[in-house]
Amino acid sequence: MVVAGGSEDRRQENNKNEIYAMVARKKDEDVLSMVDTFKEFKDTKNIDRTTLVSVLEESFRNVLVKLFGSDENFDVIVNPDKGDFEIYRNRVVVADGEVADENKEIELKEAQLIDPDYEVGEDLSERVDFAKFGRRAILTLRQTLASKILELEHDSLYNKYKDRVGQIISGEVYQIWKREVLVVDDENNELILPKSEQIPADQYRKGETIRAVIERVTNDNNNPKIILSRTSPAFLERLLEAEVPEIHDGLISIKRIARMPGERAKIAVESYDERIDPVGACVGVRGSRVHGIVRELCNENIDVINYTANIRLFIQRALSPARVNSINIDEENHKAEVFLHPEEVSLAIGRGGLNIKLASMLTGYTIDVFREVAEGEADEDIYLDEFTDEVDQWIIDAIKSIGLDTAKAVLNAPREMLVEKADLEEETVDNLLRILKAEFE
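Residues numbered from 1 in each chain as written. Predicted model: local features only at pLDDT ≥ 70, side-chain atom pairs only at ≥ 80, totals over all residues. Heavy atoms only, no water.

Visitor: What am I meant to see in a negative patch on the surface here?
Guide: Among the surface-exposed residues, Asp115, Asp117, Glu119, Glu122 and Asp123 lie close enough to one another that they form a single negatively charged patch. Position of Asp115 relative to the elements: it lies in the loop between helix H3 (108-114) and strand S4 (123-127). (Patch = residues over 30% accessible without salt bridge, like charges linked within 9 Å, V, L, I, M, F, W, Y side chains within 5 Å. Areas by Shrake-Rupley, 256 points an atom, 1.4 Å probe, with all protein chains shown as cover. Salt bridge = Lys/Arg side-chain N within 4 Å of Asp/Glu carboxyl O. Lys, Arg positive; Asp, Glu negative; His and termini not counted. Charge placed at Lys NZ, Arg CZ, Asp CG, Glu CD. Helix = DSSP H or I, 4+ residues; strand = E, 2+ residues; numbered from the N terminus.)

Visitor: Looking at this structure, I do not really get the pairing of strand S1 (residues 74-79). What am I missing?
Guide: Within a regular strand, side chains alternate between the sheet's two faces. What you see with S1 is a clean split: Phe74, Val76 and Val78 sit on the buried side and Asp75, Ile77 and Asn79 on the side with no burial. Taken together, the six bridges between S1 and strand S2 (residues 84-94) define a ladder with antiparallel strand orientation. The residue bridging Asp75 from the neighbouring strand is Tyr88, located in S2. (Buried < 20%, exposed > 50% of the residue type's maximum accessible area, 1.4 Å probe, protein only. Pairing = 2+ DSSP bridges.)

Visitor: Sorry if this is basic, but what is going on with the packing of helix H10 (residues 342-349) against helix H11 (residues 354-363) here?
Guide: Any two packed helices are characterised by the angle at which their axes cross and by the distance between the axes. Closest axis-to-axis distance for the H10/H11 pair is 5 Å, and the angle between their directions is 65°. As summarised for this structure, H10 and H11 are arranged roughly perpendicular, according to the angle between their axes. Across the interface between the two elements, Leu347, Ala348 and Ile349 of H10 pack against Leu354, Asn355 and Ile356 of H11. The residue inventory of the contact of H10 with H11, partitioned by class, reads five nonpolar, one polar and no charged. (Axes fitted to C-alpha atoms, helices over the stretch in contact; angles between N-to-C directions. Parallel < 35°, antiparallel > 145°, perpendicular 65-115°, else oblique. Contact = heavy atoms within 4.5 Å. Nonpolar A, V, L, I, M, F, W, Y, C, P; charged D, E, K, R; others polar.)

Visitor: Help me understand the packing of aromatic side chains, please; the structure alone is not making it clear to me.
Guide: When we look at a pair of aromatic rings, we describe it by the centre distance and by the angle of the planes. With the rule as written, the count across this model stands at three aromatic pairs. Ring geometry for Phe68 and Phe74: centres 5.1 Å apart, planes at 35°, overall tilted. A relative accessible area of 29% means that Phe68 is categorised as partly exposed. A cation over an aromatic ring shows up here: Lys206 above the ring of Tyr174, its NZ or CZ 5.5 Å from the ring centre. (Phe/Tyr/Trp six-rings, centres within 6.5 Å; stacked < 30°, edge-to-face > 60°. Lys NZ or Arg CZ within 6 Å of the ring centre and 35° of its normal.)

Visitor: I'm lost on the pattern of salt bridges in this one. Help?
Guide: Pairs can form between side chains of opposite charge whenever their charged atoms are close. One pass over the structure, following the stated rule, counts 23 salt bridges. Here Glu57 ties to Arg61 by a salt bridge, and the two come within 3.2 Å at their closest N and O atoms. Of the two residues, Glu57 and Arg61 both sit in helix H2 (residues 49-68), four residues apart, roughly one turn of that helix. One salt bridge in this structure joins Asp71 and Arg61, with 3.2 Å as the shortest N-O distance. Placement of Asp71 in the loop between H2 and S1 and of Arg61 in helix H2 is noted, with a sequence separation of ten residues between them.

Visitor: Can you walk me through the sheet that holds strand S15 (residues 366-371) in this structure?
Guide: Whether parallel or antiparallel, the strands of a sheet pair through hydrogen bonds between backbone atoms. With mixed pairing, three strands are arranged side by side in an open sheet as S13-S14-S15. Of all the strands in the sheet, the pair left with one neighbour each is strand S13 (326-330) and S15. Averaged over all pairs of adjacent strands, the angle between strand axes in this sheet comes to 20°, irrespective of strand direction. As paired elements, S13 and strand S14 (residues 335-340) share five bridges and run antiparallel to each other. The residue of S14 that forms the bridge with Asp330 is Lys335. Contacting S13, S14 and S15, helix H9 (residues 311-318) runs over the sheet at an angle of about 125° to S13.

Printed below as a string of structure tokens:
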């Protein structure tokens, strides 16, 4: 019976030893995994060595404070290049039975088990096995470290891009979604190209390289976002700077840009050297300097004009290729009434009203285009209020709200302007024009 009992005790003891060994191996695996994690940070994260060492040391010390109440008497040595670390606890040797703080003091007999030569009053530095702190301490360390590294990554990304707004960047298309495209730079940082910042004709394929301008950088709740744009006027400006040496050298200045992305753009330029033609320099021989830009912008037509501080002349140039007869300027309200021969009106307005919209954007003036009325015809005009029996009052009020009070003023105004500025349906405008024309016929 005694033998049997002894065998059972030995089996229990062996099982217990196996469990202890498993726990020890698990702790060792956790520590090794942690070391591997350090190596990963060293190899893949965009964090300088000094900052990484500081973060690792701080993470260890946070755990030590939780375990011992203080980390003042600990030395933490981290080597991220090798992916290892060492921790030493420094204690003062005191006489047996006189230990007041077990964290900072050690009895003489215990110290002499480490080295028989220790005496009372000496400092003892002992290496600490972090695995003995337990699994929870290891998990706490890893979570703290991961959190701090993530913060550093975010800070690094934000600091890298916050001062680069307005610069062109090339990146690889990583993912294509309905509302945005995810682009990665050469360090695998994620950049966002929203649908609203894409040229309508843009088509992307995963893995291809695209260019865009850095539109804005935000850092809400320490979550940096780098927003790209291909529709911004700054994108066209940077492309021109790259293609036209005179702009890069400061001999030519881009004063203003107006864009309808993917369709048409107008650029006002000025030369600081009277020997240089700014328009010719920007366009190049047979358009050689803008061809590449036009292709980059999905065949967006580019008009280059000479800038001038004379607003009348600037508006005339902005409405090119139309030839303007006369202009009335309201500087206070930034409005301009432009009068042209009937055959020039369609050129001034452009297809879909594109030319006049861009001219308004470029000059900063609301431009209204009118056909030139022949002398003597103005006396035969009729006020719109006299048509209330044929035209609804709300339509007349809508037309009058844009400054047109008479029938001939409406007939002389471009149809597209009536639709857009009076906010009327095309059918309504066509019916109104038919009624007014019939009165004069």
